[in-house]
Amino acid sequence: MNEKDDFYIGWQDSASPTYSKARKTFFLLSLLALILFAVIYLAVEKPFIDSYFDYGNLTELEGTVVEYPVFGLQTTVNHQQVTVPLVGFGKFDALPVLEKLKTQANARPLSKLRVTLRGTLIQYQEKTWMELTEGDESIINIETTEVAQEAIRRSMGEQRITGEIVDPKCFFGVMNPAYKKIHRACAVRCISGGIPPILAIREGGEFKDYYFILDEKGQPIHQQVLPYVGVPVSMSGEVEEVEDWKVLKVNWNDRQALSLDFSGEVSSCELALNP
Amino acid sequence: MSVSYTSILWNRQKKAYDLGILVFVLVFSVLFFVGHAVLHPNATFETIFIRNFGLLAFLLLHVVLIIGPLARLNARFLVILYNRRHLGVTMFMLAAVHGVFSIMNFHTLGDMNPIKSVFLSNLSYDSLIHFPFQVLGFLALIILVLMATTSHDFWLKNLGPKVWKALHMMVYVAYALIILHVVLGALQNENSPILFGIVLAGFLLISSLHLLAAFRERSIDKPLDQATAEWVKACQVNDIKNDRAKIVTVSGERVAIFKYNGKLSAVNNFCRHQGGPLGEGKIVDGCITCPWHGYQYLPENGQSPPPFTEKVETYRLKLEGEEVWIHPEPLAEGTYVKPIQLAGS
């Protein structure tokens, strides 16, 4: 049978050499294209930040519970005195654990309690967070001390800061990458669920600084920030240093205090996001 | 062809085809995971998993979409077309893994129903740059679900070839949604001109192959002269090769005029299985055999040989010297028409 008269029938057990060759050629060329694409993709893919989530391992930390700027534990990590903010399992805060701690404290001030909590560590750069994975079961021990541990607070005055609002649980290690548009929906869910919003500041393509976002009275805010999550944003307010963290207190009724900032990101004509 | 419905009628060719798909998926996945372990050790497993399955589905969708026009342009590619459904279902499963795992990762364990969250977490529907790209992927996945679940011949038979075909043409809507999903999601995040160029090249490849195939088909669809006349001149006898057909268009329908065993018969060109072009088929064992999936019809009555039940319309022919004339009015599906006996046969 000449090649032109050759005919392919798929339900037959075998194909003629002409068609077998065509199938092999198509398969090999497709495979080659696939491998080439994978290599190119891996070569040009954006690098990932060096964050870490100690998934599957529970760690015990001992320290003093703080409620400001967020629920956390003043403790020692890698020989350094730090505040480890605490978050709950999934996309929720850990406030039920705080409530249980208060109940168990029997009206004693939290600053006079020495508490051991167990959870999963989340780490990026010098910052450590902990997920109280086991909920109420995360409280391992509570002891009373005579000396109250008070946080050192220092006002740094009014400032305008440009950055991106991220959900810190994912950002500091649970997911990677956990910023910009591809993570926006998840970040909205996390912040909506009570995880404190953080303004992450980039310099030269690297994240350098972080601010807890609170309202002008220093109270937590969540729903108000949702439209601004995952996009470049410029915010002004009083900046305060609380131990090893910074806080930005924003007046949400002042429209001047908040604007979307697209410098270096996208054109300013894309201000359609303004809620 | 099969009289009863079975999940898959395996043969050596089908196994070789599916083995090829498996190799495709495994090679990419191994390369992708190992490549990340070496070049991007900080990437989380979830991110690599989501990207691996998303990219694989995207790449396979391109292969699925170029097979059709390639087979129209060169018959050798029919060998890839025959089991395209396996490729399509595999692509759907990869896309489903990508979609379901992404929803689990980004939308579960929160304060809102995960499906509602896909639509309501990012509300920037009025901005192109900030548009919720996950919604586009979700809608594309719904289309792929419909296509994958109706991919079996059971649905083809029950929905009818035209409805089934129309449903499966939705793949182009899915492709458009997926392109936007990729451009407004992953590409925007990666911000790489190289990746953008690759996606654009894929789009241009698919578009140009479809345009080329359509351009070639245009010559077939040119209606014959005097289409309103009772008899219309179709072609010369010598225009038709033995055991092959000449496709002509009469009364808006493509008709395949077959020459076989010194005889001529004409049937509707549209295969009742998936609309394959019968006129590009061949007479095998006395039957018109569709080039797409090997469905067969007897040329004189347009019926599949018993026990099969598919039927196509037949047409009357007459011979004037060396000229083949056709009556433009189709006869009911499966109507016997005495074949024209060629002189000297």
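Keep in mind it's a predicted model, so treat the numbers as computed, not measured.

A closer look at the interface of chain A and chain B
Here is step 1: Each partner contributes residues to the interface: chain A has 63 residues there, and chain B has 77 residues.
Here is step 2: Scanning the region where chain A abuts chain B turns up two salt bridges.
Here is step 3: We note a salt bridge from Glu45(A) to Arg51(B), for which the minimum N-O separation is 2.5 Å.
Here is step 4: Among the elements that line the side of chain A that touches chain B, the one with the most residues is helix α1 (residues 17–44) of chain A, at 17 residues.
Here is step 5: Within the side of chain A that touches chain B, the residues separate by chemical class into 38 nonpolar, 10 polar and 15 charged.

Things to note about a nonpolar patch on the surface
Residues and elements named next belong to chain B.
Here is step 1: Nonpolar side chains collect at one region of the surface, where Val 30, Val 34, Val 38 and Leu 39 lie side by side and expose about 380 Å² of accessible area between them.
Here is step 2: Relative to the helices and strands, Val 34 is located in helix α1 (residues 12–39).
Here is step 3: A relative accessible area of 47% means that Val 34 is categorised as partly exposed.

Comments concerning the nonpolar core
Here is step 1: One finds Phe28(B), Ile67(B), Leu87(B), Leu144(B), Phe258(B) and Leu278(B) to be the most contacted residues of the largest nonpolar core, which totals 83 residues.
Here is step 2: Top contributing element to this core by residue count: helix α2 (residues 45–73) of chain B, with 17 residues.
Here is step 3: When sequence neighbours within four positions are dropped, the list of residues in contact with Ile67(B) reads Phe26(A), Tyr17(B), Ile80(B), Leu81(B), Arg84(B) and Leu87(B).
Here is step 4: Counting residues in each nonpolar core, the second largest holds 30 residues, with Phe53(A), Trp129(A), Ile195(A) and Ile198(A) among its members.

Quick notes on the side chain of Asp18(B)
All names here are of chain B.
Here is step 1: By the element assignment, Asp 18 lies in helix α1.
Here is step 2: The charged side chain of Asp 18 is buried without a salt bridge, its nearest counter-charge being Lys 14 at 8.0 Å.
Here is step 3: Discounting residues that sit within four places of it in the chain, Asp 18 has contacts with Trp 10 and His 86.

Re α1(A)
Here is step 1: When the terminal C-alpha atoms of α1(A) are compared, their 40 Å separation across 28 residues agrees well with the 40 Å that a helix rising 1.5 Å per residue should span.
Here is step 2: The inward-facing, buried residues of α1(A) abut α1, α2, α3 (78–81), α9 (171–190) and α10 (193–220) of chain B.

Remarks on the sheet that holds strand β7 (residues 296–297) of chain B
Residue and element names in this part refer to chain B.
Here is step 1: Taking strand neighbours across the sheet as the criterion, the three strands line up as β5-β6-β7 in an open arrangement whose pairing is antiparallel. Only two strands of the sheet have a single partner each, and these edge strands are β5 (282–284) and β7.
Here is step 2: The pairing of strand β6 (residues 287–289) with β7 spans two bridges and is antiparallel. Looking across to β7, one finds that Ile 288 is bridged to Tyr 297.

Concerning the domain arrangement of chain B
All names here are of chain B.
Here is step 1: The domains assigned to chain B are domain 1 (12–220) and domain 2 (232–341).
Here is step 2: In this assembly, 14 residues from domain 1 lie in contact with 16 residues from domain 2.
Here is step 3: When the buried area of domain 1 at its contact with domain 2 is split by residue, Arg 72, Tyr 82 and Ile 220 rank highest and sum to 35% of it.
Here is step 4: Viewed at the interface, domain 2 and domain 1 are joined by three salt bridges.
Here is step 5: Note that Lys 157 and Glu 310 form a salt bridge whose closest N and O atoms lie 3.9 Å from each other.
Here is step 6: One can count five residue pairs in polar contact (both at pLDDT 80 or more) joining domain 1 with domain 2.
Here is step 7: Elements represented by at least two residues in the side of domain 1 that touches domain 2 include exactly α3, α7 (153–159), α8 (161–168) and α10.
Here is step 8: With four residues, the single largest contributor to the side of domain 1 that touches domain 2 is α8.
Here is step 9: Of the residues assigned to the side of domain 1 that touches domain 2, the class counts are seven nonpolar, no polar and seven charged.

Calculation notes
Residues numbered from 1 in each chain as written. Chains lettered and ligands numbered in written order. Predicted model: local features only at pLDDT ≥ 70, side-chain atom pairs only at ≥ 80, totals over all residues. Heavy atoms only, no water. Contact = heavy atoms within 4.5 Å. Salt bridge = Lys/Arg side-chain N within 4 Å of Asp/Glu carboxyl O. Helix = DSSP H or I, 4+ residues; strand = E, 2+ residues; numbered from the N terminus. Nonpolar A, V, L, I, M, F, W, Y, C, P; charged D, E, K, R; others polar. Patch = residues over 30% accessible without salt bridge, like charges linked within 9 Å, V, L, I, M, F, W, Y side chains within 5 Å. Areas by Shrake-Rupley, 256 points an atom, 1.4 Å probe, with all protein chains shown as cover. Buried < 20%, exposed > 50% of the residue type's maximum accessible area, 1.4 Å probe, protein only. Core = buried A, V, L, I, M, F, W, Y, C linked by side-chain atoms within 4.5 Å. Lys, Arg positive; Asp, Glu negative; His and termini not counted. Expected span 1.5 Å × (residues − 1). Pairing = 2+ DSSP bridges. Domains from an automatic or database assignment. Buried area = accessible area lost by both parts, 1.4 Å probe. Polar contact = N/O pair within 3.5 Å; in protein donor to acceptor, adjacent residues only side chain to side chain.

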